[in-house]
Amino acid sequence: MEFIKHGKTKDVYRLADENILLRFKDTVTGHASTGESDPGGNEVVGTKEGVGVAALKMTTYYFQKLKEMELPTHWVSSNLAKSEMIVRSGTMFGNGLEFVVRYIASGSFIRRFGAFIKEGDNLGNGIYEITLKDDLRNDPPATVEIIEALGLMSKQQLKDAEILVKKVCDFVKDDLANKGLVLVDIKVEVGLVDGKVVLVDEISGGNMRVTKNSQQLDYVTLSNYF
């Protein structure tokens with residue numbers, strides 16, 4: 001097994017068969033200036049026991065569901081006892097892109113558009129956004145035209161990504177609703193595996209805001225529903 005890198009929430013290794021092993025960690029992301037945990041934050045603000053396995057538990061649940069729905073992901077298998085997941089090797093678009101679907105106004109959406117909308121307002125069928133994965137520039141939003149002009153994705157890849165992301169996020173929203181929970185917003189990632197756009201990384205409390213009775217659930221509490 002070859003070590004590749006230490007990530008904020010996962011350590012990454014390459015296996016002998018060229019698959020990738022992701023080892024989930026108990027780190028919590030948010031905003032270092034306040035120390036507040038936030039799925040929309042890009043900085044590690046501390047650790048909390050059980051966060052890693054909670055993220056893997058949710059991710060495994062959703063990747064298994066998406067496999068049953070024949071929606072493409074990079075997932076191969078999971079080992080909850082070791083907080084590890086094996087995925088197929090792939091290629092990121094540029095330094096990585098984040099695909100966001102917002103169902104309820106919150107977080108950075110309010111910071112940008114608070115003059116026109118208030119916290120908690122319903123956003124209908126969801127607002128789809130793409131941001132560049134760039135911590136230094138606070139993940140700047142980018143239009144489809146910008147991403148294509150920068151050579152990060154082709155027009156067809158962008159279309160494939162949008163269709164996949166919306167199907168995945170709408171499924172997560174409906175599944176959470178069946179558990180009595182409300183999905184506020186969610187960000188996911190896609191990459192290229194065998195030349196095909198597929199869902200990568202994870203689907204967990206670390207990349208979504210979820211509420212119950214208008215109270216946001218933390219990572220570990222959310223995982224108890226799975």
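Residues numbered from 1 in each chain as written. Predicted model: local features only at pLDDT ≥ 70, side-chain atom pairs only at ≥ 80, totals over all residues. Heavy atoms only, no water.

Here we look at the pairing of strand β8 (residues 84-87)
- Looking at chain direction, strand β3 (residues 20-24) and β8 are connected through four bridges and run antiparallel. By the bridge assignment for β8, Ile20 is matched with Val87.
- Looking at chain direction, strand β7 (residues 75-79) and β8 are connected through four bridges and run antiparallel. Each residue of the ladder has a partner; that of Asn79, found in β8, is Glu84.
- Where β7 folds back on β8, the antiparallel hairpin that results is connected by four residues, among which Ser83 adopts a positive phi of roughly 55 degrees. (Pairing = 2+ DSSP bridges. Helix = DSSP H or I, 4+ residues; strand = E, 2+ residues; numbered from the N terminus.)

Details of helix α1 (residues 51-68)
- Between its first and last C-alpha atoms α1 spans 26 Å; for 18 residues at 1.5 Å apiece the expected length is 26 Å, and the two agree.
- Among the residues of α1, those classed as buried are Val51, Gly52, Ala54, Ala55, Leu56, Met58, Thr59, Thr60, Tyr61, Tyr62, Phe63 and Leu66.
- The first or second residue beyond α1 is Glu70, which carries a positive phi of 60 degrees. (Expected span 1.5 Å × (residues − 1). Buried < 20%, exposed > 50% of the residue type's maximum accessible area, 1.4 Å probe, protein only.)

A word on the sheet that holds β7
- Across the sheet, which stays open at both edges, the five strands sit in the order β1-β2-β3-β8-β7 with antiparallel pairing between neighbours. Here the strands that pair on one side only, and so sit at the sheet edges, are β1 (2-6) and β7. Neighbour-to-neighbour, the strand axes of this sheet turn through a mean angle of 20 degrees, independent of strand direction.
- In the packing of α1 onto the sheet, contacts are made with β3, β7 and β8, and the angle to β7 comes to roughly 140 degrees. (Axes fitted to C-alpha atoms, helices over the stretch in contact; angles between N-to-C directions. Contact = heavy atoms within 4.5 Å.)

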